[in-house]
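The residues making up each chain are set out below.
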Amino acid sequence: MQAEVENAVNFAQSSNDGLVFEMEHNPWDINALRVSMQFLLLREQIVKAGSVANTMSPLVRIPANGSERNEWFAKQALDLGAYGILWPRISNSEQAYNAVAACRYPRLPSRSHYEPAGLRGDAPMAAARYWGLPQQEYYKRADVWPLVPEGEILVGLMIEDTEGVNNVEKILKEVPGIGFILIGEGDLSQELGCPREYENPELLRMMDHVLEVGKAHGVAVGHPHMTRENARQIIGQGYRFLMSYPRRDFSALETGRKIFQEL
């Protein structure tokens with residue numbers, strides 16, 4: 001979803017668990033992101049939930065591909081209070097390591113959970129305020145889950161090229177701290193020569209491989225195009241991070257919730 005006030009207001013009133021601000025293919029407008037994140041906050045929801053945490057978890061898909069290693073995009077989004085970062089086109093373990101490291105503060109090698117060694121700069125004021133926490137409490141929670149059990153930063157990696165598909169098992173074996181992986185079937189289908197032909201057998205074979213590897217390692221795998229028509233199918237296959245297109249009605253989400261309740 002583009003970082004705009006109207007979009008944020010509509011999503012804040014929906015029953016989604018969170019949203020991804022799409023800033024890879026939309027302009028990187030950090031001020032628009034700041035304002036949009038504020039409009040996600042609904043006092044009524046916060047009071048009912050009994051927690052200062054935003055009930056609509058804001059994640060940000062940054063512009064830089066994994067090979068570019070532009071950690072500053074993640075740093076700026078996290079410093080505003082984003083709950084997680086989605087990294088496009090992660091193709092190997094080195095890129096995955098960098099993605100997780102960019103979302104962590106540095107620590108000495110003698111401390112637990114040292115790897116991946118943190119790269120994030122220290123400027124927690126706005127993030128701590130957004131989370132509704134004193135700075136020292138924010139520091140305790142601003143680490144990546146599930147690497148650090150009390151961590152509340154979610155790192156998502158997009159697997160969207162054949163190199164990433166071939167390396168996904170190595171990535172999940174070698175790099176701790178990955179919260180979920182999301183299949184980028186658009187880019188992957190481009191590389192395979194079947195752009196957006198989502199029923200192409202080779203594309204489906206690769207998606208199945210990523211899904212099975214994620215299951216084997218206990219890492220949630222995301223499907224980027226959940227609709228009312230395919231919700232039952234993809235939930236049955238085992239996808240657990242589901243993205244519906246940001247329209248004004250959320251019928252696909254409601255269908256998915258009903259199916260989960262039936263499981």
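The following paragraphs examine the structure supplied in this document. Just so it is clear, the structure is predicted and the values come from calculations on it, not from any experiment.

**Things to note about the pattern of salt bridges**
Moving on, step 1. Under the defined criterion, the tally for this structure stands at 15 salt bridges.
Moving on, step 2. Put simply, Arg-232 and Glu-262 hold a salt bridge, and the shortest N to O gap is 3.3 Å. Of this pair, Arg-232 sits in helix α11 (residues 231-237) while Glu-262 sits in helix α12 (residues 251-262), and the two are 30 residues apart along the sequence. Grouping residues by exposure puts Arg-232 and Glu-262 together as exposed.

**Details of unusual backbone geometry**
Moving on, step 1. With an omega of -10°, the peptide bond between Glu-115 and Pro-116 qualifies as cis.
Moving on, step 2. On the secondary structure map, Pro-116 appears in the loop between α5 (93-102) and α6 (125-131).
Moving on, step 3. The amide bond that connects Trp-145 to the next residue, Pro-146, takes the cis arrangement and shows omega of 10°.
Moving on, step 4. Backbone geometry at Arg-69 places phi at a positive 55°, although glycine is not the residue there.
Moving on, step 5. Within the fold, Arg-69 resides in the loop between β2 (57-61) and α4 (71-80).
Moving on, step 6. Judged by its relative accessible area of 37%, Arg-69 falls in the partly exposed class.
Moving on, step 7. Positive phi outside glycine occurs at His-113, with the angle close to 55°.
Moving on, step 8. On the secondary structure map, His-113 appears in the loop between α5 and α6.
Moving on, step 9. With relative accessibility at 35%, the residue His-113 sits in the partly exposed group.

**Concerning the packing of aromatic side chains**
Each pair of aromatic rings is reported with the distance of its centres and the angle of its planes.
Moving on, step 1. Counted under the stated rule, the structure contains seven aromatic pairs.
Moving on, step 2. Ring plane angle 80° and centroid distance 4.9 Å describe the contact between Trp-131 and Tyr-138, whose orientation is recorded as edge-to-face. Tyr-138 carries the same exposure label as Trp-131, and that label is buried.
Moving on, step 3. Grouping aromatic residues by their ring pairs yields a cluster made of Trp-28, Trp-72 and Phe-73.

**Description of the side chain of Ser-91**
Moving on, step 1. Here Ser-91 lies in the loop between β3 (84-87) and α5.
Moving on, step 2. Within polar-contact distance, the side chain of Ser-91 engages the side chain of Asp-161 at 2.7 Å.
Moving on, step 3. The contacts of Ser-91, once residues within four sequence positions are left out, are Asp-161, Glu-163, Gly-164, Asn-167 and Ile-171.

**A short note on the nonpolar core**
Moving on, step 1. Phe-21, Trp-87 and Leu-157 are the most contacted members of the largest nonpolar core, which has 77 residues in total.
Moving on, step 2. Of all the elements, helix α10 (residues 201-216) adds the most residues to this core, at six residues.
Moving on, step 3. Trp-87 has contacts with Ile-62, Glu-71, Ala-74, Ala-99, Ala-102, Cys-103, Val-155, Gly-156, Leu-157 and Met-158, leaving out every residue within four places of it along the chain.

**Brief notes about helix α8 (residues 162-174)**
Moving on, step 1. Across its 13 residues, α8 extends 19 Å between first and last C-alpha, which sits within 8% of the 18 Å expected from 1.5 Å per residue.
Moving on, step 2. The axis of α8 is deflected most strongly, by about 55°, at Val-168.
Moving on, step 3. Where α8 is concerned, the buried positions are Thr-162, Gly-164, Val-165, Asn-167, Val-168, Ile-171 and Leu-172.

**Notes on the environment of Gln-2**
Moving on, step 1. Tracing the backbone shows Gln-2 in the segment before α1 (5-12).
Moving on, step 2. A residue is classified by how much of its surface remains accessible, and Gln-2, at 30% relative accessible area, is partly exposed.
Moving on, step 3. With 187 residues separating them along the chain, Gln-2 and Ser-189 place their C-alpha atoms 23 Å apart.
Moving on, step 4. Once residues lying within four places of it in the same chain are set aside, the contact partners of Gln-2 are Asn-7, Phe-21, Glu-22, Asn-26 and Pro-27.

How each quantity is defined
Residues numbered from 1 in each chain as written. Predicted model: local features only at pLDDT ≥ 70, side-chain atom pairs only at ≥ 80, totals over all residues. Heavy atoms only, no water. Salt bridge = Lys/Arg side-chain N within 4 Å of Asp/Glu carboxyl O. Helix = DSSP H or I, 4+ residues; strand = E, 2+ residues; numbered from the N terminus. Buried < 20%, exposed > 50% of the residue type's maximum accessible area, 1.4 Å probe, protein only. Phe/Tyr/Trp six-rings, centres within 6.5 Å; stacked < 30°, edge-to-face > 60°. Polar contact = N/O pair within 3.5 Å; in protein donor to acceptor, adjacent residues only side chain to side chain. Contact = heavy atoms within 4.5 Å. Core = buried A, V, L, I, M, F, W, Y, C linked by side-chain atoms within 4.5 Å. Expected span 1.5 Å × (residues − 1). Bend = angle between axes of the 7 residues up to and from the residue.

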